[in-house]
Amino acid sequence: MTTLPLPNVDYVPLPPPDADVLTTACAYCIVACGYKIYRWPVGTEGGAKADENAFGIDFPTGGALTPWVSPSQHNIAMHEGRPHHVVVVPDYATEVVNPQGNHSIRGGTLAQKIYNPDTPTRQRLQYPMVRIGGVLTPVSWDLVTDVMAEVSKHVLENHGEHAWGMKTYSYEYFENTYAISKLVNRAIGTPVYAPHDKPQAAEDAAGLDDAGVNSFSASFEDWGACEVAFMSGVDPYETKTVLFTHWLMTGDNPNKKLIFVTPHKTMGVEYGLKNGGLWLPIVPGTDTVLHLALAKIIIDNGWQDQEFIDKWVNTKWEIESGYGRGTRNTRWQWRTTWGRWQSDWEDFQKFIAKEKAAELDEAAAITGLDRDLILATAEAIAKPRADGSRPKTSFMLEKGNYWSNNYMNTASLAAVGLLCGAGNRPGRVISRGGGHQRGGMGAGGGKGFLSPEKYPGRRKKALNVDRWVIDGNVRFMWLMGSTWFPAMLASQELADRVADLTVRNEHHPRSVDKEHLIQTYKDRVESGGMVLVDSDIYPVEPLNTRFADIVLPAACWGEVDFTRCNAERRLRLYSKFNDAPGEAKPDWWAIGQFAQKMGFDGFDWKESNDIFEEAARFSRGGVLNYYALAVHAKREGKKAHEKLRELGTTGIQTPIRVKDGELVGTKRLHDPDNDWGEVEDVTTDQKWLYAFGTHTGKANLLKTPWANDGWIDFYEAIKPRKDKGEVWITNGRVNETWQSGFDDLRKPYLAKRWPWPFIVIHPDDAAPQGIESGDLVEGFNDTVYVQTGEPIGVKEKDLTFTKLMEGGHIKTTTGQFVAVAIVSDEMRPGIAKAAFNYPGSMANSVCHAVPDPVSGNYRYKLGRGVLRKVGESAYKKNFLEMSLKPRPIA
């Protein structure tokens, strides 16, 4: 395949009437807006008249919300070895997800993501490489997979499955994640696996799961239909734009009240305030207390939806029923039937009455919120009107909620939602807003029981992969599509330890000779070091630029036919429309080549559709179930991918069922209207389709005592120390940048907007240090707590922070990062917000790598440190790049 410079143009051409037209969805946020691809050979183009272009309209259009092509929506790419024009525009005709072609700035620049050697995308990884003498050297796929397989066999034979690990994305299309799961769980059989955003394989919002509420139970229509939207730890405008600009700002009820719980007044918050909404600038980590106070106000005033509670909330007898006398070794079983969390309606009322943190004045002091604001919030979400009707309130949560106090925040939010009658009705839902799209598909099996870690009572606990690596237990590690270090906590500590195991080890190859490579890596393994493989689309600092021994080039969006779902579980085909650069291959292909050389059967896929069809039967038990589509495609003599392609940007919402012989999607989960009676054809019947996800079908109302010893001792230890001048240092995203900026930093327009990571600081916190907007600022924490070893929980308190300290399982280190200051009162005083997951500025270095003892998740939002002025950045007086203006404009 040629990679010679491609011809480019200085204007935007229109596609001719005979241009190829394909459908896809946006590559970025959870909304996954529908897009159309127009592709035609270089050398021809359409005209301005309707019969001269593929849009079938006259240009200029002169009207809003009609097809047009901006410079950012056009590129030139290779297709079947020849240069083609490619236009990527939102589907203006779609009636779902992004009606009338609504889209974000991220989606509006999708065409700039396409590989073109005349643009910064020339940095794409194109060939497998091995580090020789510190330099990444191109080699063949055959050689590199031979080496990986031989070294892996050695590791497994001599050190066991606990010495072989993977950390990968959890979202990057069903085809890739199914291949990963099949390799990890069924072929290698290792417990050393974690998704990109967690140290271990665990639930994102465990408290929701335990309550019986699926994290993605809602449809976008529910957010449009609600009268009040309570949004905890999230501004959808910044992170899932069209969910905000179409469904929340308008939808079926454009006059809804928007309530934001976040310490940062972002654009969405400002819009909400100007339209009668509320902003609760909460102290990080204290959301549980707010929820307890809201619950107490609701109960004390009798505002709870008693009819809903009586029908849909478990009683004590119902909670205890159905388990028999066996061991309750499933996490949700022992968390909801024993101990401090278990409750029912009668018990919950007694708990709230006695819980000191639920008292309004106490809650105001802990959360830093005005008591009248808490009261106003309770009234907005729950107080019945004079005619007895209740507000249709929906509850959204995201990372500001569950990445600070994971279990308690999510369980307590679910409790408030249930009190308000939300969870399974149109316009009344409890659901995540979402981050990445839902592309995870398991292959069954799993060896999590091999984890040496245990919850109290010696119950099963997933392995913390970061700690396992730091402790030197991993000999072969394969990363896929993850920045790893900046994405995890105590980032510099983790990166430094990986450097010890790789680049600082004495064993490094000096030749690409296969036998020499294999032997050198075996010597590394036997010396206590680790062989590191990284699959990605771009260089990632420092993971594959400095540390990885083997770097594999991945094919991505637009280069292979792929599938996945969005936040409302809408499944669509992401069509291939251009060639991958060089020898880049999809990750499923790389896994297949490696697995076959390991001697594993069932990895000889020829195309991505093969995996999609194989994985269909494994989807049957979950909310992403598309088995019926695959079966119907086979009956019609079609590939499953082609059946899905016919559905275009509309796709179909999973779980997919069959009614009157037709495929039917599922709008929302837990809705009793989903109960159709007799099951038809290959429909998989699951109780959570029409009831909550518990053994009874009723929700669990969980207690969350604030001062419990699994939380409060850690929280008191990590609060900013005023005597040292520390502030909270949290983190987050902005609208213009997705994830680590891996694409955006290579899009000229967006790269100028955010060429460097930011930190937003309140003027009261900036002034003592003489910090002004545009200055370079260091965030520094001299006491970063890091959990070590694999402590086993026997007694209830064994995994509390105090007991871990006493047992020698907590060490301290330091952490720092540098960013460009934006000084603005949009932040709550005492809290600074840094750019999330920026590889060149690891803000998570100042956060503590001590996971939630209940769920095992990290608490990414709870960093702290002092702020120090380093000097002026290049952007302080530069009016061409990086605007430093305050963000809350509406």
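Asker: What exactly am I supposed to notice about the side chain of Lys 182 here?
Answerer: Tracing the backbone through its elements, the reader meets Lys 182 in helix H2 (residues 174-188). Here Gly 602 takes part through its backbone oxygen, which lies 2.6 Å from a polar atom of the side chain of Lys 182. Non-local contacts of Lys 182, meaning those with residues more than four positions away in its chain, are made with Ala 187, Ala 443, Asp 601, Gly 602, Phe 603, Trp 605 and Glu 614.

Asker: Can you help me understand the packing of aromatic side chains in this one?
Answerer: Here a ring pair, both rings aromatic, is described through the centre-centre distance and the interplanar angle of the planes. For the structure on display, the rule yields 37 aromatic pairs. A centroid spacing of 6.0 Å and a plane angle of 75 degrees characterise the contact between Tyr 237 and Phe 244, whose relative ring orientation is edge-to-face. In this structure an aromatic cluster arises from ring pairing among Trp 706, Trp 711, Phe 714, Tyr 715, Trp 728, Tyr 785 and Phe 801. Against the face of Trp 403 rests Lys 399, its NZ or CZ located 5.3 Å from the ring centre. Residue placement shows Lys 585 over the ring face of Trp 589; its charged tip is 5.2 Å from the ring centre.

Asker: Looking at this structure, how should I read the pattern of salt bridges?
Answerer: Pairs can form between side chains of opposite charge once their charged atoms are near each other. Across all of its chains, the model carries 59 salt bridges by this definition. Across the salt bridge formed by Glu 541 and Arg 546, the nearest N and O atoms sit 2.7 Å from each other. By sharing partners, the salt bridges in this structure join Asp 197, Lys 198, Asp 204, Glu 398, Lys 399 and Arg 432 into a single network.

Asker: What is the right way to look at the packing of helix H13 (residues 360-367) against helix H14 (residues 371-382) in this model?
Answerer: Angle between the axes and distance between the axes: these two values describe a pair of packed helices. Between H13 and H14, the shortest axis-to-axis distance is 9 Å and the interhelical angle comes to 110 degrees. Considering the angle they form, H13 stands roughly perpendicular to H14. Regarding H13 and H14, the two cross each other, and that crossing is right-handed. Within the contact between the two elements, H13 uses Leu 360, Asp 361, Ala 363, Ala 364 and Thr 367 and H14 uses Arg 371, Ile 374 and Leu 375. Residues that form the contact of H13 with H14 fall into these classes: five nonpolar, one polar and two charged.

Asker: Explain the nonpolar core here, please?
Answerer: Across soluble globular proteins, you tend to see nonpolar side chains buried next to one another. Judged by nonpolar contacts, the single largest core of 266 residues is most densely connected at Leu 183, Ile 381, Trp 478, Trp 484 and Leu 532. Once you skip the residues sitting within four places of it in the chain, Trp 478 turns out to touch Met 148, Trp 164, Gly 165, Met 166, Lys 167, Leu 183, Val 533, Ser 535, Leu 552, Ala 590, Ile 591 and Phe 594. Leu 14, Phe 55, Val 87 and Val 89 belong to the second-largest nonpolar core, a separate cluster that totals nine residues.

Asker: What is the right way to read the sheet that holds strand E17 (residues 531-536) from this model?
Answerer: Consider a sheet: its strands pair through backbone hydrogen bonds, and that pairing is either parallel or antiparallel. One open sheet accounts for seven strands, arranged E6-E5-E18-E17-E16-E7-E8; its pairing is mixed. The open sheet is flanked by strand E6 (135-138) and strand E8 (193-195), the only strands paired with a single partner. Between one strand axis and the next, the sheet turns through 20 degrees on average, direction left out of account. Note: strand E5 (residues 129-132) against E6, four bridges, orientation antiparallel. Bridging across to E6, Ile 132 finds its partner in Val 135. Taken strand by strand, H2 contacts strand E7 (164-168), E8 and strand E16 (476-480), and its axis lies near 160 degrees from that of E7.

Asker: Just checking my understanding: could you explain the sheet that holds strand E24 (residues 727-732) for this structure?
Answerer: On the basis of which strands lie adjacent, the closed barrel formed by six strands has the order E24-E28-E25-E27-E26-E29 and mixed pairing. Neighbour-to-neighbour, the strand axes of the sheet open up by a mean angle of 45 degrees, direction not taken into account. In this sheet, strand E27 (residues 810-823) lies alongside strand E25 (residues 758-761) in parallel orientation, the contact comprising four bridges. What sits directly across from Phe 758, in E27, is Val 820. The sheet contacts of helix H18 (residues 491-501) involve strand E26 (775-787) and E27, and relative to E27 the element is tilted by about 115 degrees.

Asker: For this particular structure, what's the right way to read the packing of H2 against helix H21 (residues 587-597)?
Answerer: Across the interface, H2 lies against H21 with an axial gap of 8 Å and an inter-helix angle of 25 degrees. With respect to each other, H2 and H21 are oriented roughly parallel. The interaxial crossing formed by H2 with H21 has left-handed handedness. Contact residues: Glu 175, Asn 176, Ala 179, Ile 180 and Leu 183 in H2; Asp 587, Trp 588, Ile 591, Phe 594 and Ala 595 in H21. Residue classes in the contact of H2 with H21 are distributed as seven nonpolar, one polar and two charged.

Asker: Explain helix H12 (residues 345-354) to me, please; I cannot follow it from the model alone.
Answerer: Because each turn of an α-helix spans 3.6 residues, side chains separated by three or four positions in sequence point in the same direction. Residues Trp 345, Phe 348, Phe 351 and Ile 352 constitute the buried set of H12. The buried side chains of H12 occupy one side of the element, clustering within an arc of 115 degrees when seen end-on. Set apart from the buried face of H12 by more than 90 degrees, the exposed residues are Glu 346, Lys 350, Ala 353 and Lys 354. If you follow the buried residues of H12, they end up packed against helix H8 (287-300), helix H9 (306-312) and helix H16 (406-419). Residue Asp 344 occupies the N-cap position of H12, its side-chain oxygen lying 3.1 Å from the main-chain nitrogen of Glu 346.

What counts and what doesn't
Residues numbered from 1 in each chain as written. Predicted model: local features only at pLDDT ≥ 70, side-chain atom pairs only at ≥ 80, totals over all residues. Heavy atoms only, no water. Helix = DSSP H or I, 4+ residues; strand = E, 2+ residues; numbered from the N terminus. Polar contact = N/O pair within 3.5 Å; in protein donor to acceptor, adjacent residues only side chain to side chain. Contact = heavy atoms within 4.5 Å. Phe/Tyr/Trp six-rings, centres within 6.5 Å; stacked < 30°, edge-to-face > 60°. Lys NZ or Arg CZ within 6 Å of the ring centre and 35° of its normal. Salt bridge = Lys/Arg side-chain N within 4 Å of Asp/Glu carboxyl O. Axes fitted to C-alpha atoms, helices over the stretch in contact; angles between N-to-C directions. Parallel < 35°, antiparallel > 145°, perpendicular 65-115°, else oblique. Left-handed = near helix turned anticlockwise from the far one by under 90°. Nonpolar A, V, L, I, M, F, W, Y, C, P; charged D, E, K, R; others polar. Core = buried A, V, L, I, M, F, W, Y, C linked by side-chain atoms within 4.5 Å. Buried < 20%, exposed > 50% of the residue type's maximum accessible area, 1.4 Å probe, protein only. Pairing = 2+ DSSP bridges. Arc of directions from axis to C-beta.

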